[in-house]
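Architecture at a glance
Read off the chains here:
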Protein chains: 2
Amino acid sequence: MTTVKLAQPVAIVGSGTVAGPNEGKGPLAEYFDQILEDNLAGQKSWEKAEQLIMQSAIEIALKDAKIGADQIDIFIAGDLLNQIITSTFTARKLKIPFLGLYGACSTFIEGYVVGSLILQNQQIHCIVTATSSHNSTSERQFRFPTEYGGQVPVTAQYTVTGSGASVLKKKGELPGAFITHTTIGKVFDYGIKNPFEMGAAMAPAAVDTLYRHIKHSEYPLEAYDAILTGDLGHIGKKIVCQLMQEKGMAIDTIYDDCGTMIFSEKQKVFSGGSGCACSALVVLGRMFDDMRSGLIKRLIVVSTGALLSPTSTQQGDSIPGIAHAVTIEWRSNEGRK
Amino acid sequence: MTTVKLAQPVAIVGSGTVAGPNEGKGPLAEYFDQILEDNLAGQKSWEKAEQLIMQSAIEIALKDAKIGADQIDIFIAGDLLNQIITSTFTARKLKIPFLGLYGACSTFIEGYVVGSLILQNQQIHCIVTATSSHNSTSERQFRFPTEYGGQVPVTAQYTVTGSGASVLKKKGELPGAFITHTTIGKVFDYGIKNPFEMGAAMAPAAVDTLYRHIKHSEYPLEAYDAILTGDLGHIGKKIVCQLMQEKGMAIDTIYDDCGTMIFSEKQKVFSGGSGCACSALVVLGRMFDDMRSGLIKRLIVVSTGALLSPTSTQQGDSIPGIAHAVTIEWRSNEGRK
């Protein structure tokens with residue numbers, strides 16, 4: 001088994017996006033449901049702000065789906081913080097059966113994959129998935145105290161502040177977005193030990209998953225209107241193009257990376273955006289808009305995760321990467337169901 | 001949706017248990033497949049030892065199932081370490097599509113729940129689940145540097161060193177163990193802020209899940225031969241008995257807690273064992289033996305997790321708890337399928 005064609009395609013019946021202040025100054029600002037004025041969002045700590053951001057994204061998604069929290073069977077979420085406290089403390093408020101994931105920045109699509117596969121069970125009808133990241137909570141957990149103001153090399157990426165939430169249902173009305181195929185990623189490690197080169201560390205995992213996803217689906221490459229990776233940044237994006245070309249799939253014209261889309265060049269984010277929220281904000285914001293307006297009908301999203309911890313890095317370990325993929329189709333009343 | 005009766009019961013066709021040296025001196029020693037002579041297992045760090053332990057448990061489980069790694073569709077795992085590095089670094093070696101979970105000490109059963117629900121998909125045939133914990137990696141991550149030698153109160157628990165792995169298949173031969181019902185837990189928080197009182201923090205979540213699991217299955221309480229919670233310890237166990245009694249379910253005669261079973265009273269582990277490996281070792285070791293010998297035919301396992309992080313505790317947050325449950329049935333050739 002590698003790529004699963006879902007027996008029952010899963011409808012994305014609602015979504016919510018909350019973006020941080022820097023993301024709100026970027027080129028995709030108009031696509032986000034809510035933009036924060038500052039990183040603390042009125043809370044006492046960045047960690048509590050991140051919890052509020054995820055909670056707000058879920059509230060917006062539920063409203064968008066016109067559904068109450070009591071109609072949700074399962075809440076599936078994960079984030080970057082140790083013991084995924086953003087997700088668990090949000091689950092505490094929701095009081096919905098909860099499954100916690102950890103897939104680093106691949107969590108947005110890991111949630112879609114797990115949610116879609118679980119929704120095939122007869123008794124499960126509706127699932128909410130969510131993920132988040134916060135520049136300041138990540139900086140101080142993974143790198144240095146923020147007060148330190150350390151310099152970073154140009155290969156470094158900037159963790160996106162924000163959250164994206166989705167309401168998934170077995171049955172959705174047309175027109176609408178449907179998850180049709182899922183591919184679970186394998187863990188790859190090309191020996192990169194520098195935590196400021198995560199794009200390069202994750203690229204081989206993205207290529208393996210993307211290649212398997214296309215090869216084992218019923219569609220040829222030409223059937224897709226767009227392919228997006230999660231947060232490889234400018235450097236990782238180039239590697240993906242080159243490696244896919246070597247495998248006989250020229251994706252250049254339809255491929256982009258969310259990490260290179262979310263900020264403008266003027267925003268000084270080095271190699272681009274990263275973090276769980278990066279692909280969630282770009283896909284649920286910009287891409288869904290493109291689907292609704294008919295620009296994109298069939299999209300592959302490959303969210304990518306760097307599976308390092310400060311402890312593994314300090315102990316001299318290299319950085320493994322993972323990537324999960326789904327195909328999302330916009331289905332209208334005319335033609336195919 | 002609360003409790004799912006699996007359309008296709010999931011067979012547990014192989015299991016592997018590796019226990020630490022202290023666990024190997026406890027009353028369940030004879031039931032473990034492998035016992036370590038020391039906590040480092042020949043590695044340079046405890047973290048690397050934990051990775052080796054999980055890997056060994058998986059190898060034993062695959063051998064027990066007479067199955068090669070190439071026949072596994074998905075590897076599902078989680079552990080207590082930041083960014084679940086034990087699981088991801090093990091996945092790096094396995095090269096099997098990987099889904100990372102975080103459910104603290106509830107991960108053993110979270111893996112069974114997610115694995116069982118995903119196995120209902122037609123294209124997915126075989127899943128390996130694993131979880132681990134290590135006393136020394138947990139001590140230094142969650143509490144104090146181990147060199148510090150701090151004293152702990154009698155309500156504290158002792159993190160189990162070990163790992164349990166299982167091979168799950170849609171079709172299994174008889175006689176054998178089958179997962180038949182799953183219940184996903186909600187996050188509960190009764191305001192306990194002391195990280196040395198985790199049993200009490202997790203007990204209400206265990207009670208909610210256990211009560212829903214029994215109430216929404218087709219069996220009355222009398223149909224079960226045993227009920228086990230994961231790692232509540234002596235104090236949490238008493239709370240569960242009392243709260244279940246108040247809800248009209250007297251479980252005392254068939255109920256025990258893995259945290260109170262894995263060590264003897266002489267072993268000075270305060271309120272009992274804890275950690276992801278606690279319920280995995282007790283269930284895959286002792287309980288499976290009881291099933292094979294006909295002592296137990298229908299068992300509920302409720303693994304419990306305390307969803308704290310050092311950051312949330314330092315920021316004054318209380319400790320939410322979660323618990324997931326499955327029913328495991330021993331099915332023989334005679335009588336029911």
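For the structure, see preceding data.
Here is a short report on the structure shown in this document. In this text, all values refer to a predicted model and were calculated from it rather than measured experimentally. (Residues numbered from 1 in each chain as written. Chains lettered and ligands numbered in written order. Predicted model: local features only at pLDDT ≥ 70, side-chain atom pairs only at ≥ 80, totals over all residues. Heavy atoms only, no water.)

1. Structural notes on the overall build of chain A
Helix and strand content of chain A: nine helices and 13 strands. Expected size for 337 residues packed as a compact globule is a radius of gyration near 20 Å; at 18 Å, chain A falls within 12% of this value. With the principal axes as the frame, chain A shows a C-alpha extent of 55 × 50 × 35 Å. Counting only residues that meet the buried cut, chain A has 66% of its 337 residues in that class. For chain A, restricting intrachain contacts to residue pairs at least 6 apart in sequence, the fraction spanning at least 24 positions comes to 79%. (Helix = DSSP H or I, 4+ residues; strand = E, 2+ residues; numbered from the N terminus. Rg over C-alpha atoms; globule rule 2.2 N^0.38 Å. Buried < 20%, exposed > 50% of the residue type's maximum accessible area, 1.4 Å probe, protein only. Contact = heavy atoms within 4.5 Å.)

2. Overview of the packing of aromatic side chains
All names here are of chain B. Evaluation of the coordinates by the stated rule reveals eight aromatic pairs over all chains. With 5.4 Å between their ring centres and 90° between their planes, Y158 and F263 make a pair best called edge-to-face. One end of the pair, Y158, is in strand β6 (residues 158-159); the other, F263, is in the loop between α7 (258-261) and β11 (273-274), with 105 residues separating them in the sequence. The class of Y158 is buried, set by a relative accessible area of 18%. (Phe/Tyr/Trp six-rings, centres within 6.5 Å; stacked < 30°, edge-to-face > 60°.)

3. So, the pattern of salt bridges
Residue and element names in this part refer to chain A. Counted according to the given criterion, the structure contains 18 salt bridges over all chains. For E329, the salt bridge goes to R298, with nearest N and O atoms at 3.0 Å. Taken together, the positions of E329 in strand β13 (residues 321-331) and R298 in strand β12 (residues 298-306) put the pair 31 residues apart, joining distant regions of the chain. With respect to burial, E329 and R298 carry one shared label: buried. (Salt bridge = Lys/Arg side-chain N within 4 Å of Asp/Glu carboxyl O.)

4. What to know about the interface of chain A and chain B
At the interface, 54 residues of chain A touch 54 residues of chain B. In this assembly, chain A packs against chain B so that about 4,700 Å² is buried in total across both faces, 60% of it on carbon and sulfur atoms. Where chain A packs against chain B, one counts six salt bridges. One salt bridge in this structure joins B:D189 and A:R92, with 2.4 Å as the shortest N-O distance. If you look at where chain A meets chain B, you find 24 residue pairs in polar contact (both at pLDDT 80 or more). Broken down by element, the side of chain A that touches chain B gets its largest block of residues, five residues, from helix α2 (residues 85-94) of chain A. Counted by class, the side of chain A that touches chain B contains 26 nonpolar, 16 polar and twelve charged residues. (Buried area = accessible area lost by both parts, 1.4 Å probe. Polar contact = N/O pair within 3.5 Å; in protein donor to acceptor, adjacent residues only side chain to side chain. Nonpolar A, V, L, I, M, F, W, Y, C, P; charged D, E, K, R; others polar.)

5. Topic: the nonpolar core
Residues A:Y112, A:I328, B:Y112 and B:I328 are the most contacted members of the largest nonpolar core, which totals 101 residues. With near-sequence residues (within four places) excluded, A:I328 lies in contact with A:I12, A:Y112, A:A177, A:F178, A:I179, A:V283, A:F288, A:M291, A:K297, A:R298, A:L299 and A:V301. Counting residues in each nonpolar core, the second largest holds 63 residues, with A:C126, B:I72, B:I96 and B:L307 among its members. (Core = buried A, V, L, I, M, F, W, Y, C linked by side-chain atoms within 4.5 Å.)

6. Some words on helix α4 (residues 135-142) of chain A
All names here are of chain A. α4 sits mainly inside the fold: six of its eight residues count as buried. Buried residues of α4: N135, S136, T137, S138, Q141 and F142, and no others. Considering only its buried residues, α4 is in contact with α1 (46-64), β5 (126-133), β6 (158-159) and α9 (310-314).

7. Some points on the pairing of strand β13 (residues 321-331) of chain B
Residue and element names in this part refer to chain B. The buried fraction of β13 amounts to eleven of the eleven residues, a majority that puts the element mostly inside the structure. Of the two faces of β13, the one lined by G321, A323, A325, T327, E329 and R331 and the one lined by I322, H324, V326, I328 and W330 are each fully buried. As judged from the nine bridges shared by strand β12 (residues 298-306) and β13, these two strands associate in the antiparallel manner. Bridge pairing in β13 places R298 opposite E329. (Pairing = 2+ DSSP bridges.)

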